[in-house]
Amino acid sequence: MKNKQIIQRTAAVLLALVVWQLTAAALDSKVLLVSPLSVLLRLLTLWREPGFIDSIRFTMARIALGFMLGFVCGVALAALSGRFPVVENLIWPFMITIKTVPVASFIIIALIWLSSRNLSVFISFLMVVPVIYNNVLSGIRAGDRRLDQMAVVFRLPWYRKLIYIRLPQLRPYFFSACSTALGLSWKAGVAAEIIGIPEGSVGEKLYMSKIYLDTDDLFAWTVVIVVISFLFEKLVVSLFKLGYRRLEKL
Amino acid sequence: MSDLKDIKVKRVAKSFGTKCVLDGYSAVFPAGRITCLMGESGCGKTTLLNLILRLTKPDGGEISGVPDKLAAVFQENRLCDDFSALTNVRIIGASVENARETLIALGLGDSLSRPVRELSGGMKRRVAIARALCADCELMVMDEPFKGLDDVTRRHCIDEVRSRMGGRTAIVVTHDREDADMLGAEIITMPSGGCGGNAAK
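(A) View of the packing of helix α2 (residues 36-46) of chain A against helix α10 (residues 215-248) of chain A. All names here are of chain A. One can describe the packing of α2 onto α10 by two numbers: an axis separation of 9 Å at closest approach and a directional angle of 75°. Here α2 is positioned roughly perpendicular relative to α10, judged by the angle of their axes. On the side of α2, the interface is formed by S38, V39, R42, L43 and L46, while α10 contributes D216, D217, F219, A220 and V223. Taken together, the residues that form the contact of α2 with α10 break down as six nonpolar, one polar and three charged.

The following block contains the structure:
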C-alpha cells in the first residue's frame, strides 16, 4: 500500500513537471513563466553565488527563533488555559485577532514598531502561537481523566505527572501543531521579509527578482525556501521523536 | 502503620443525576485487615471505593479514618501505555529493586522492559497490582483486581497480595467468595443499589 502511494505520488510530481514544462514552452516567455529546466539550471549556479548561504542563515535563524518563541509561548498559554479557564477567556480576543487579521496587516503594523531585520521573528512568532496554543489545549482537554485520578491517588509529583501522563497524551497534538506551525512560520516569515526587505535576507532576494522581472531567480529562490522549510520541519519533528523515544526509555 | 484507624462509612449517600447509587450506606473496614466488598453489579461498590479514595464527594454522610497514603488497583488498569512495566511501577516512587522484585514475583520477569501497550490484558492487570503493592501506602483499594486472570495466575497473585500486605488496610471488591477466603479477608456484602436499597444497617 505504501509503495503504491509512493509510486502514485512520484508519478503525480512528474506529471506536474511535464505540464509546467509544456505550459512554459507554449507561453515562450521567460518573464511570464520559466520552465522547470531553467529553474534547475539557475539553482545549480545560485548556490555557488556569494551571499547565498548567508541569506539562508539570516532568514532561517530568525524564523527558527520566532518558531521557538511561539512554541514556548503557545504551550505555556495552553497549559495556563487548561488549568485556569479564566486565562482562556482573557486571551481569547488576542487569539481571534491573530487568526482573523491578514498577515500583511500585521507585517505593516509591526514595521512601525520593529526594525525590518527582526520583523520575521515577530511575524513567525505571531503565526505559531495560536496554532500551538489551540492544538496543545485540545490535547490537554482530551487527556484521560482516569490517569489524572490515578496520579491523585498515588500522589504523583507534578514533574512525574508531566513526564509520564501529560507529555505522552500530547504527543499527537505536538506533531500536528508543529507540522502546521512550521509551514506557516516560513510562509509568513518570508512574506514579512519581502515587505520589510531586510538586507541580506531571502525575502530581499525574492523582492529583487520581482523588481528586475528575473523569474528564473524568483522560482529558484522559491524552490530553495520550499526545500529548507521541508528540511526544517523534518529536523524539528525528528528532534521531537527523539525526545519522545528518550522519554519512553526513562 | 501504628496509627491506622478503622475506616468508618456512616450513612453515605451518593447520586449521579437522578440515579441514586448509595442511600445512607454504612460500613466499617477494620484497620490493618483485608476486607472484601461483595455485592451485585451496580450496587455501588465502585462508587463507594471512589468515595473512600476521595475521587468523588458524598452527597451526604461521612467517611472517617481514611489515611493520606493511598494506593489503588482501579477497575480499569490506568497504566501509562507508552512506558515499560517496570517504569509503570517506578512512577509511584518505588525503588527499582522493589518494583523489579514485585513484578518478577507476579510472573512478569520476562516483560519488565516491554511497553505496557504490548502486554496482554492479564499481564497489564498484574502490572497494576504490582504498582499498588509497591506504593508507600496505608490503605490499598482494589476493584476486582484478579478479574481476567486465569485460575493458576489468580491464585498466585492472591497469595502475593496477601503476603505483601504488611499490616496495611485493604478493601478488595470481588464477586468471587473463593478470592475472599484465599485472602483471609472479612466479607461485607452490599445490598442492591438504588435509593432505599442499601440504607444503613
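(B) Looking closely at the pairing of strand β5 (residues 70-73) of chain B. Residue and element names in this part refer to chain B. On β5, burial covers both faces: L70 and A72 on one face and A71 and V73 on the other are all buried. As judged from the four bridges shared by β5 and strand β6 (residues 139-143), these two strands associate in the parallel manner. Bridging across to β6, A71 finds its partner in M140.

(C) The arrangement of helix α1 (residues 45-52) of chain B in detail. Residue and element names in this part refer to chain B. Most of α1 sits out of view: seven of its eight residues are buried. By the burial criterion, the buried members of α1 are K45, T47, L48, L49, N50, L51 and I52. Each element contacted by the buried residues of α1 is listed here: β1 (7-16), β2 (19-29), β3 (34-38), β4 (60-64), β6 and β7 (169-173). One or two steps after α1, the chain reaches R54, where phi turns positive at roughly 65°.

(D) Examining unusual backbone geometry more closely. Even without glycine at this site, R155 of chain A takes up a positive phi of about 55°. What makes R155 of chain A partly exposed here is the crowd of 16 C-beta atoms within 10 Å. In this structure, R11 of chain B is a non-glycine residue whose phi angle is positive, near 45°. Locating R11 of chain B in the fold gives a position in strand β1.

(E) Quick look at the nonpolar core. Counting residues in hydrophobic clusters, the biggest one holds 71 residues, and the most contacted among them are A72, V89, V127, I129, A132, V141 and V172 of chain B. If one sorts the elements of this core by residue count, helix α4 (residues 121-134) of chain B sits on top with eight residues. Once you skip the residues sitting within four places of it in the chain, V172 of chain B turns out to touch I34, C36, L37, M142, P145, L183 and A185 of chain B. Core analysis: the second largest hydrophobic core is formed by 47 residues, I107, C178, V202 and L206 of chain A among them.

(F) Quick look at the interface of chain A and chain B. Between chain A and chain B, the contact holds 14 residues from the first and 16 residues from the second. Counting only elements with at least two residues in the side of chain A that touches chain B, the list comes to α7 (145-153) and α8 (158-196) of chain A. Counting residues per element, the side of chain A that touches chain B draws most heavily on α7 of chain A, which supplies six residues. Of the residues in the side of chain A that touches chain B, the class split is ten nonpolar, one polar and three charged.

Parameters at a glance
Residues numbered from 1 in each chain as written. Chains lettered and ligands numbered in written order. Predicted model: local features only at pLDDT ≥ 70, side-chain atom pairs only at ≥ 80, totals over all residues. Axes fitted to C-alpha atoms, helices over the stretch in contact; angles between N-to-C directions. Helix = DSSP H or I, 4+ residues; strand = E, 2+ residues; numbered from the N terminus. Parallel < 35°, antiparallel > 145°, perpendicular 65-115°, else oblique. Contact = placed C-beta atoms within 7 Å. Nonpolar A, V, L, I, M, F, W, Y, C, P; charged D, E, K, R; others polar. Buried ≥ 20, exposed ≤ 12 C-beta atoms within 10 Å, placed from the backbone. Pairing = 2+ DSSP bridges. Core = buried A, V, L, I, M, F, W, Y, C linked by C-beta atoms within 7 Å.

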